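# Inside the fold
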Amino acid sequence: MIRIKTSALLLSCTFSLAPSLLVGQVLRPGEYPRGEKPSPMMSYFVTSETMGDGGNLGGLAGADAHCQQLATAVGAGNRTWHAYLSTQARPGQPAVNARDRIGTGPWYNFKGEMIAQDLAHLHGDTMELAHQGNNLNKLTGLTEKGQIVPGLYDYSDPRDNDWNYAKTTRFSTRHEMLTGTRTDGTAFPDSVDYTCNNWTSNKSPAPGTPNGNLNAAEGKPNAQIGFPDRNGGGSGSWNSAHGTRGCAQTDLPKTHGIGLFYCFATN
Amino acid sequence: MTKRQTPFVILSTLMLAPSFLLAQNYNTQGVTPPPGSPVSPARMTFFVTSAGIGKGGDLGGLAGADAHCQKLAAAVGAGGHTWHAYLSTQARPGQPAVNARDRIGTGPWFNYSYAQLGPPQNAFISADLGDLHGDTLVQAQRGNNLFKQSARNEHGEVIHGPGDTPPIQHEILTGSNWDGRAYTDNSDHTCNNWTSSSEGSARVGHSDRIGNGSSWNSSNDTNSCTQSALESKGGAGLFYCFAIN
């Protein structure tokens, strides 16, 4: 009897410890993992730093250079990195689709975990794939430094909405990734702004114009965003959940973004 | 009162103890709900059960599961609605299949935080059946609004998943395919139509969209239908409840 009890106790200890050990490996969102380097397989990350000028990323070229620079800083500069961003058509200039800029996959995160096998898996090109979803979630959507991106209620600080506070910390909600993209990874039609004027604008809506709702509208500077943690308003979409209040750096934190974006290696 | 609280305190201490021993332990679920928030669960039309029935995949059939939803809802003042469990059953001789999506009314559905967390986008689960299940490709790619912070139990608490303190309970019984309908193959996906606590298997989804893709209602099958098997894989026999009115 005692023997049985002991083994049962041991067993239950083992069971209760196992999940705790898993939890022990989970970092506080925003925290850097200690002494860990990115997997040599890393071909996907969320930018750990914003460029700091709202929706003005210096166009696609500027955003790509930011990806490359961050990757290089952690020893992953041997790959060619592109930002997951679309641009809208302009006279004499065709639209660019984010999905056409990122190679063919598979893509792996900081830990070497697969985010998606190919473009169809990443975007859910068929009903089956779309329902299954890709492998991007709060625990896999890591920065190039291995950080979990702080999301809803991680810190619940009212100052999260204030850029003057958000710029001083790694620990404020910042899970809105600029994409300028539709769910299938393609650019929006050019009638209204979904891309902060093709990633060159840091403007706020003109005084007196409505900026409360998060949809693109005539005359409103706006960027479509998605959530790496699938955990936000509008829908859980990783690449196309809703828009922003405006394109100024100070407007992005109002809805829990700071101007971060996804980077993918094309090779 | 003190007497009732004591076991809870002991339980909490037991659950917290291993966490304190570990460096870097952290909850990703945050504050739920914000302290001092007004409570109005009567407006809620969706929740995840705060507890399972405790007998693995044996829920007493659909009727037993519905009664569990109704009981939990009534306990928090939301018994004014008619509640149904989001579960399918498979066809048997002389007994047609039942699709989970046909049992839950037409929406829209709101979670506990409808009256709690302010902006409606935090509380809105889905507008209708098509949006909930992703009936069109764009809807399916976009996903519904059921995600970790919105898929709360009837007390407004987030369901713990990978990254949170144990017990992890994010595997939610559905017995359903992605489209919310019953499986038509010969394998068991419903713990024998929610009557088995031993052999069989149940289709589950993840309330936090983490694991084997990101499906809320159909991500993988359980190994068995025992309560311990469910618990060993990050489940607890929880299920989704929807108000049909």
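From a predicted model like this one, the values you see are computed outputs, not experimental measurements. (Residues numbered from 1 in each chain as written. Chains lettered and ligands numbered in written order. Predicted model: local features only at pLDDT ≥ 70, side-chain atom pairs only at ≥ 80, totals over all residues.)

## A word on the overall build of chain B
Stated formally: Secondary structure follows DSSP: runs of H or I at least 4 residues long count as helices, runs of E at least 2 residues long count as strands, and numbering of each begins at the N terminus. Partly exposed residues are those falling between the two cut-offs: more than 12 but fewer than 20 other C-beta atoms within 10 Å of their own, whereas 20 or more means buried and 12 or fewer means exposed, with C-beta atoms placed from the backbone. We call two residues in contact when the distance between their C-beta atoms, placed using the backbone, is within 7 Å.
Secondary structure assignment for chain B yields six helices and eight strands. Along chain B, helices and strands appear, N-terminal first, in the series α-β-α-β-β-β-α-α-β-α-β-β-α-β. Looking at chain B as a whole, 54% of its 245 residues qualify as buried. Long-range contacts, defined as pairs at least 24 residues apart, comprise 64% of the intrachain contacts of chain B with a sequence gap of at least 6.

## Some words on the overall build of chain A
In terms of regular secondary structure, chain A is built from six helices and seven strands. Helices and strands in chain A line up, N terminus first, as α-β-α-β-β-β-α-α-α-β-α-β-β. Here chain A, with 267 residues, has 54% of them falling under the buried criterion. Excluding contacts between residues fewer than 6 apart, the proportion of contacts in chain A whose partners are at least 24 apart in sequence is 66%.

## With respect to the nonpolar core
The criterion, for reference: Note on definitions: a nonpolar core is a set of buried residues drawn from Ala, Val, Leu, Ile, Met, Phe, Trp, Tyr and Cys, linked by C-beta atoms within 7 Å.
Counting 55 residues, the largest nonpolar core has Ala63(A), Ala83(A), Tyr84(A), Leu85(A), Phe261(A), Cys263(A) and Phe264(A) as the members making the most contacts within it. The greatest single-element share of this core, amounting to six residues, is contributed by strand β7 (residues 260–265) of chain A. For Tyr84(A), the residues in contact, after removing those within four places along its chain, are Ala98(A), Ile102(A), Thr179(A), Phe261(A), Tyr262(A) and Phe264(A). Judged by nonpolar contacts, the second largest core, of 44 residues, contains Trp83(B), Ile125(B), Ile159(B) and Cys241(B).

## Some thoughts on unusual backbone geometry
Residues apart from glycine generally show negative phi values, whereas peptide bonds are mostly found in trans. Looking along the chain, the bond that leaves Gly105(A) and enters Pro106(A) is cis, with omega of -5°. Within the element layout of this structure, Pro106(A) appears in the loop between β2 (81–83) and β3 (107–108). Note that the residue after Gly107(B), namely Pro108(B), is joined by a cis bond; omega there is -5°. Inspection of the secondary structure assignment puts Pro108(B) in the loop between β2 (83–85) and β3 (109–110). One non-glycine residue, Asn197(A), lies in positive phi territory at about 50°.

## Notes on the pairing of strand β6 (residues 203–206) of chain B
All names here are of chain B. Basically, it comes down to this: Only when DSSP finds a minimum of two bridges between them are two strands counted as paired.
Along β6, one buried face is formed by Arg203 and Gly205 and the opposite face, lined by Val204 and His206, is buried too. Across three bridges, the pairing between strand β5 (residues 171–173) and β6 is antiparallel. Note on β6: the bridge partner recorded for Leu173 is Val204.

## Thoughts on helix α2 (residues 59–73) of chain A
Residue and element names in this part refer to chain A. Which entries qualify depends on this criterion: To estimate the expected span of a helix, subtract one from its residue number and multiply by 1.5 Å. What the arc measures is the spread of directions leading from the helix axis to the C-beta atoms.
Over its 15 residues, α2 runs 22 Å from end to end, which matches the ideal 21 Å to within 8%, given 1.5 Å per residue. For α2, the complete set of buried residues consists of Leu60, Ala63, Asp64, His66, Cys67, Leu70 and Ala71. Down the axis, α2 shows its buried residues gathered within 155° of arc, on one side only. The inward-facing, buried residues of α2 abut β2, α6 (196–199) and β7.

## Some words on the environment of Thr72(A)
All names here are of chain A. Its location among the elements puts Thr72 in helix α2. For Thr72, a count of 14 C-beta atoms within 10 Å puts it in the partly exposed group. Sequence separation between Thr72 and Lys167 is 95 residues; the distance between their C-alpha atoms is 23 Å.

## Regarding helix α2 (residues 61–75) of chain B
Residues and elements named next belong to chain B. The end-to-end C-alpha distance of α2 is 22 Å, a good match for the 21 Å that 15 residues give at a rise of 1.5 Å each. Of all the positions in α2, only Leu62, Ala65, Asp66, His68, Cys69, Leu72 and Ala73 are classed as buried. Down the axis of α2, the buried side of the element spans an arc of 155°, and every buried residue falls inside it. α2 presents Ala63 and Lys71 as exposed residues on the side facing more than 90 degrees away from its buried surface. Each element contacted by the buried residues of α2 is listed here: β2, α5 (191–194) and β8 (235–243). In the stretch just after α2, Gly77 is the one whose phi turns positive, near 85°.

## Things to note about the confidence of the model for chain B
All names here are of chain B. Threshold: The predictor attaches a confidence to each residue, called pLDDT, with possible values from 0 through 100.
Averaged over every residue, the pLDDT of chain B is 84; residues scoring 70 or more account for 79%. Across residues 1–33, where pLDDT falls below 50, the model places 43 contacts with residues more than four positions away in sequence or in other chains. Note that pLDDT drops below 50 for residues 115–122; the model gives that stretch 15 contacts with residues more than four away or on any other chain. Overall fold confidence (pTM) sits at 0.85, and the ipTM for the predicted complex is 0.83.

## Comments concerning the environment of Asp64(A)
Residues and elements named next belong to chain A. Its place among the elements puts Asp64 in helix α2. Residues Asp64 and Tyr84, spaced 20 residues apart in sequence, show a C-alpha to C-alpha distance of 8.8 Å. Apart from residues lying up to four places away in sequence, Asp64 is in contact with Trp81, His82 and Ala83.

## Points about the pairing of β8(B)
In regular strands, side chains alternate between the two faces of the sheet. Residue and element names in this part refer to chain B. Here β8 lies mainly inside the structure; nine of its nine residues are buried. In terms of strand pairing, strand β1 (residues 46–48) meets β8 through three bridges, oriented antiparallel. Opposite Val48, over in β8, you have Tyr240 as the bridge partner. Sheet analysis places β2 next to β8, joined by three bridges and oriented antiparallel. Directly across from His84, in β8, lies its bridge partner Phe242. Of the strand pairs in this sheet, β5 and β8 are connected by two bridges, and their pairing is parallel. Among the inter-strand pairings, Leu173 is bridged to a residue of β8, identified as Phe239.

## With respect to the confidence of the model for chain A
Across chain A, the average pLDDT comes to 89, with 89% of residues at or above 70. Contacts for the low-pLDDT stretch residues 1–24 of chain A, under 50 throughout, to residues beyond four places or in other chains number 18 contacts.

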